[in-house]
Amino acid sequence: MNRKKLFLCIELLKNFSQNQLKDLEKILSCEYFNTDNRMTKLLDTFRKYKLHTGRFDKNLERIVYPLFDDRMQCAVYSEVFEHLPSPKERLSKNERSWLNQNINKLMRLVELFLSIENLKKNEEQKNDLLYTELLEHEQYRLFNQRIKKDKMTLEKQFDKGLKYYAQKYKIEKAIFAYLHKSDKLAEEDNLPDLITNLDMYYILDKLELWKEVLSMKYGSGKREYDLSSMEAITLLLDLPQYVNTPLIILYRANITLIKEESEEAYIKFLGLLNQYELTVPNDTLSGFYTSAVNYCVGQIKQKKLQYIKKMFELYKIMDKKQLLVVGGVIPAVKLKNIVTISCRVEEYEWAKGIIERYRPYIARDIRNDVYHLNLGNIALHQKDYETAHTEFMQVNKVSKIYNINERVATLKCRYETDNNALQAFRSAKKFFKESKSLPTKDKKGYSNFIEILILLYHVRHNVNATKTDFDNIKEKLLLQEFNSDESWLLEKIEELEHKIK
């Protein structure tokens, strides 16, 4: 049995809601889409044996599915091919082949279902397909009526971004196809509009990609890309009809900020955002503010701690302008970062409000875990270690990032409250050292953090500790190139120094 093909099918199904599974069943039961009743049986069997669900392994490196061994293969085969003799202990070569063929067939139907779901949500894509079909059937009156209505809807948009120009270009392209097909090109054409909208669609798409490429390049510190085709677009950007376009001005300022990483570029970019933000779609505006946040993160890593407050103010702006939720969700990692930076400026009540306000926009399957972890982080910053530990105990293993955050936070609690925590520290250090999925810098940062934590723990419980002991630990800490939470360790060193004095 080809387990990879089975798992591909399961991957398509494992995140489906109950309503989506019911809608998929409707597709499978409709003869227009499917005439093979074994597809419904196969889906029902997957659900019966919970083969479409999975869990993370103990290190959160991969998804582990219920065991699809010979016994389970025979059980699935017997239910799907109930009219055939049941296999004995394992499937024969032909039986495996039949089951595999049906799994592949179900995959194609699930893919078709997802395509239909997308068309239901995406009016523009549906219209693109409709234009082509109307022209194919020479339904010119209906085509023109539809195009006129869609153009009027587009023109009502005040904020015109990439999606606007993409759809405007597709409409103009469809009109050009109509004029060509109906032999009207000799009398009229729409080439100026077609060219302008193609240019804007291309420019904005290219600038967004350029911004992302630069973020990857400067963020990783290792990746190299050929950016010559990106740089070449400057000639197009400098044309009179585009050079003063607000969205293009903002993209260029954003790219300059990423390349230069200067205070001057940062201030200029924020000023332009304030000037032009009303003309920018929310998803694009959210990306611009995220770039400003990323600049602050880079400055904080360089120990320019004044940017902690600036980063917090950016998050407050994004909250006020409703830019934190994009596409109906807020990533769990983003919410964690907002809460952490709020705690660093001691805005605890604001952070609690943020957690409550954005709780409904976290993915349903991890919502409670994210909620408790963030409340635990607030309690930890407030030195309420008992509450923090209670909150962390309610966090399940959801994702690698959250597992790491919860693990480190728990270690901090144990440092403060547990007189027998050394083994836990050493186990955590071994975990980070042996992790295969963490980047080298992150592995080193967490390992160094725990190394200093262990040294502090020894000194904390040594009644004969002296200032020299603290100075040695502090010197070792400051010499480390990577440390996942240097500021917290420095705070603990300072607390112990005060205690000895």
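Conventions we followed
Residues numbered from 1 in each chain as written. Predicted model: local features only at pLDDT ≥ 70, side-chain atom pairs only at ≥ 80, totals over all residues. Heavy atoms only, no water. Helix = DSSP H or I, 4+ residues; strand = E, 2+ residues; numbered from the N terminus. Lys, Arg positive; Asp, Glu negative; His and termini not counted. Charge placed at Lys NZ, Arg CZ, Asp CG, Glu CD. Polar contact = N/O pair within 3.5 Å; in protein donor to acceptor, adjacent residues only side chain to side chain. Contact = heavy atoms within 4.5 Å. Buried < 20%, exposed > 50% of the residue type's maximum accessible area, 1.4 Å probe, protein only. Core = buried A, V, L, I, M, F, W, Y, C linked by side-chain atoms within 4.5 Å. Salt bridge = Lys/Arg side-chain N within 4 Å of Asp/Glu carboxyl O. 1 Å grid on protein atoms, 1.4 Å probe; cavity = no way out; pocket = protein on both sides within 12 Å on 5 of 7 lines; lining within 4 Å. Points joined across faces, edges and corners; volume = space filled by probe spheres on them. Nonpolar A, V, L, I, M, F, W, Y, C, P; charged D, E, K, R; others polar. pLDDT = per-residue confidence, 0-100. Phe/Tyr/Trp six-rings, centres within 6.5 Å; stacked < 30°, edge-to-face > 60°. Lys NZ or Arg CZ within 6 Å of the ring centre and 35° of its normal. Axes fitted to C-alpha atoms, helices over the stretch in contact; angles between N-to-C directions. Parallel < 35°, antiparallel > 145°, perpendicular 65-115°, else oblique. Left-handed = near helix turned anticlockwise from the far one by under 90°.

**Quick word on the overall build of the protein chain**
Moving on, step 1. Tallying secondary structure elements over the protein chain gives 25 helices and two strands in all.
Moving on, step 2. Expressed along its principal axes, the backbone C-alpha trace of the protein chain runs to roughly 95 × 75 × 40 Å.
Moving on, step 3. In the protein chain, which carries 82 positive and 72 negative side-chain charges, the distance between the mean positions of the two groups comes to 4 Å.

**Focus: the side chain of Thr410**
Moving on, step 1. Mapped onto the secondary structure, Thr410 falls in helix H21 (residues 400–417).
Moving on, step 2. At 2.8 Å, the side chain of Thr410 and the backbone oxygen of Glu406 are in polar contact.
Moving on, step 3. With residues up to four places along the chain from it excluded, the contact list for Thr410 reads His389 and Phe392.

**Points about unusual backbone geometry**
Moving on, step 1. Positive phi, close to 50 degrees, is recorded for Glu261, a residue that is not glycine.
Moving on, step 2. Inspection of the secondary structure puts Glu261 in the loop between helix H13 (246–260) and helix H14 (263–276).
Moving on, step 3. Residue Glu261 is classed as partly exposed on the basis of its relative accessible area of 44%.
Moving on, step 4. Non-glycine residue Gln322 carries a positive phi angle of around 55 degrees.
Moving on, step 5. Relative to the helices and strands, Gln322 resides in the loop between helix H16 (306–320) and helix H17 (332–344).
Moving on, step 6. Gln322 gets classed as exposed once you look at its relative accessible area, which sits at 62%.

**Brief notes about the nonpolar core**
Moving on, step 1. In terms of nonpolar packing, the biggest core is built from 80 residues, with Phe143, Ile203, Leu207, Ile248, Tyr266, Phe288 and Tyr315 touching the most fellow members.
Moving on, step 2. Ile248 has contacts with Met200, Ile203, Leu204, Leu207, Leu237 and Tyr242, leaving out every residue within four places of it along the chain.
Moving on, step 3. Counting residues in hydrophobic clusters, the runner-up holds 27 residues, among them Leu411, Phe425, Ile454 and Leu477.

**Notes on the pattern of salt bridges**
Moving on, step 1. Within the structure shown, the criterion is met by 35 salt bridges.
Moving on, step 2. Among the ionic pairs, Asp36 bridges to Arg38, the shortest N-O distance being 3.0 Å.
Moving on, step 3. Its salt-bridge partner being Glu111, residue Arg108 comes within 2.9 Å of it at the nearest N-O pair. Here Arg108 and its partner Glu111 are both found in helix H5 (residues 93–121), three residues apart, which amounts to about one turn of the helix.
Moving on, step 4. Within this structure, Lys383, Glu416, Arg460, Glu491, Lys492 and Glu495 form a network of salt bridges that share partners.

**A short note on empty space enclosed by the protein**
Moving on, step 1. Evaluated as defined, the whole model comprises one cavity of 30 Å³ or more.
Moving on, step 2. Of the pockets and cavities examined, the largest cavity occupies roughly 30 Å³.
Moving on, step 3. Looking at the lining of the largest cavity element by element, the count peaks at four residues for helix H19 (residues 367–381).
Moving on, step 4. Here the residues of the lining of the largest cavity sort into five nonpolar, one polar and two charged.

**Observations concerning the side chain of Asn405**
Moving on, step 1. With respect to the secondary-structure elements, Asn405 resides in helix H21.
Moving on, step 2. At 3.1 Å, the side chain of Asn405 and the side chain of Asn377 are in polar contact.
Moving on, step 3. Once residues lying within four places of it in the same chain are set aside, the contact partners of Asn405 are Lys336, Leu373 and Asn377.

**Considering the confidence of the model for the protein chain**
Moving on, step 1. The pLDDT averaged across the protein chain works out to 88; a share of 92% of its residues lies at or above 70.
Moving on, step 2. Predicted confidence is poor over residues 56–64, with pLDDT under 50, and the contacts of this stretch with residues over four places away or in other chains come to 20 contacts.

**Description of the environment of Gln275**
Moving on, step 1. Within the secondary structure, Gln275 sits in helix H14.
Moving on, step 2. Sequence separation of Gln275 and Lys160 is 115 residues, and the distance between their C-alpha atoms is 16 Å.

**Let's talk about the packing of aromatic side chains**
Moving on, step 1. The full count for this structure, using the stated rule, is 21 aromatic pairs.
Moving on, step 2. On the basis of an interplanar angle of 35 degrees and a centroid distance of 4.7 Å, the ring pair of Tyr77 and Phe81 is categorised as tilted. Note on accessibility: Tyr77 and Phe81 belong to one class, buried.
Moving on, step 3. For the pair Phe432 and Tyr446, a centre-to-centre distance of 4.7 Å together with 10 degrees between the ring planes defines the contact as stacked. Pair noted here: Phe432 is in helix H22 (residues 422–434) and Tyr446 is in helix H23 (residues 440–460), with a separation of 14 residues, a long-range link.
Moving on, step 4. Taken together, Tyr415, Phe425, Phe449, Tyr457 and Trp488 form an aromatic cluster joined through their ring pairs.
Moving on, step 5. One Lys or Arg, Lys160, reaches over the ring of Tyr164 and ends 5.2 Å from the middle of that ring.
Moving on, step 6. Taking NZ or CZ as reference, Arg460 lies 5.0 Å from the ring centre of Tyr415, over its face.

**Side note on the packing of H22 against H23**
Helices that pack against each other are described as a pair by the angle of their axes relative to one another and the distance between those axes.
Moving on, step 1. Their axes nearest at 9 Å, the elements H22 and H23 cross at an angle of 165 degrees. With respect to H23, the axis of H22 lies roughly antiparallel. The chirality of how H22 crosses H23 is left-handed. Listed contacts from H23 to Leu422, Phe425, Arg426, Ala428, Lys429, Phe432 and Lys433 of H22 are Lys443, Tyr446, Ser447, Ile450, Glu451, Leu453, Ile454, Tyr457 and His458.
Moving on, step 2. Among the residues making up the contact of H22 with H23, the classes are represented as nine nonpolar, two polar and five charged.

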